Amino acid sequence: MLENVIIVVHLLAALGVVGFVLIQHGKGADAGASFGSGASATVFGSQGSGSFLSRTTAVLATIFFASSMVLAYYAKDRAASVSDLGVPDPSVLEVPKPAVEDVPQIQTQEKLDSADVPVVE
């Protein structure tokens, strides 16, 4: 139950980080300000949006990182509980060798020459 809540928080944090990163202006967007355009095209003014969006993105990224660590811990516990059930590790399973009778025999050239095979010319 708690794991499902953490997965929902993780998903919402991931979507929030993506959304806030897409809303922010890149470093290249400020290049026009040096030529006189100023902050006329920004919604929150020249510096107003940077601090709020940056802080919110940082908080959401921290929540995403923390939920990733908690989900990794749950996954490790689940993997340990599965190995305690006596289920063998698939990476160390041995494939049985086939019996000698099951392996097809290769015909040598001598066997082919001695066989009554008609030669088509």
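What counts, and where the lines are drawn
- Residues numbered from 1 in each chain as written.
- Predicted model: local features only at pLDDT ≥ 70, side-chain atom pairs only at ≥ 80, totals over all residues.
- Heavy atoms only, no water.
- UniProt positions renumbered as here; feature names shortened; annotations may be inferred.
- Helix = DSSP H or I, 4+ residues; strand = E, 2+ residues; numbered from the N terminus.
- Salt bridge = Lys/Arg side-chain N within 4 Å of Asp/Glu carboxyl O.
- Buried < 20%, exposed > 50% of the residue type's maximum accessible area, 1.4 Å probe, protein only.

By the naming in an unreviewed UniProt entry, the chain is Protein-export membrane protein SecG, taken from Thiopseudomonas alkaliphila. Comment text from UniProt for the chain, heading Sequence similarities (unreviewed entry), reads "Belongs to the SecG family." Looking at the Function (unreviewed entry) heading of the UniProt record, one finds this comment for the chain: "Involved in protein export. Participates in an early event of protein translocation."

Novice: Explain the UniProt feature "transmembrane region" (unreviewed entry) in the chain residue by residue, including any values.
Specialist: Here, the residues flagged by UniProt with the feature "transmembrane region" (unreviewed entry) are residues 57-75. Helix makes up 100% of residues 57-75 and strand 0%. Its end C-alpha atoms lie 26 Å apart.

Novice: Can you lay out the pattern of salt bridges for me, pointing to particular residues and giving the numbers?
Specialist: This structure, assessed with the given rule, holds two salt bridges. Here Arg78 ties to Glu3 by a salt bridge, and the two come within 3.0 Å at their closest N and O atoms. Taken together, the residues Arg78 in helix α2 (residues 48-84) and Glu3 in helix α1 (residues 2-23) connect sequence positions 75 residues apart. Here Lys76 ties to Asp77 by a salt bridge, and the two come within 3.9 Å at their closest N and O atoms. Classification of Lys76 as exposed rests on a relative accessible area of 52%.

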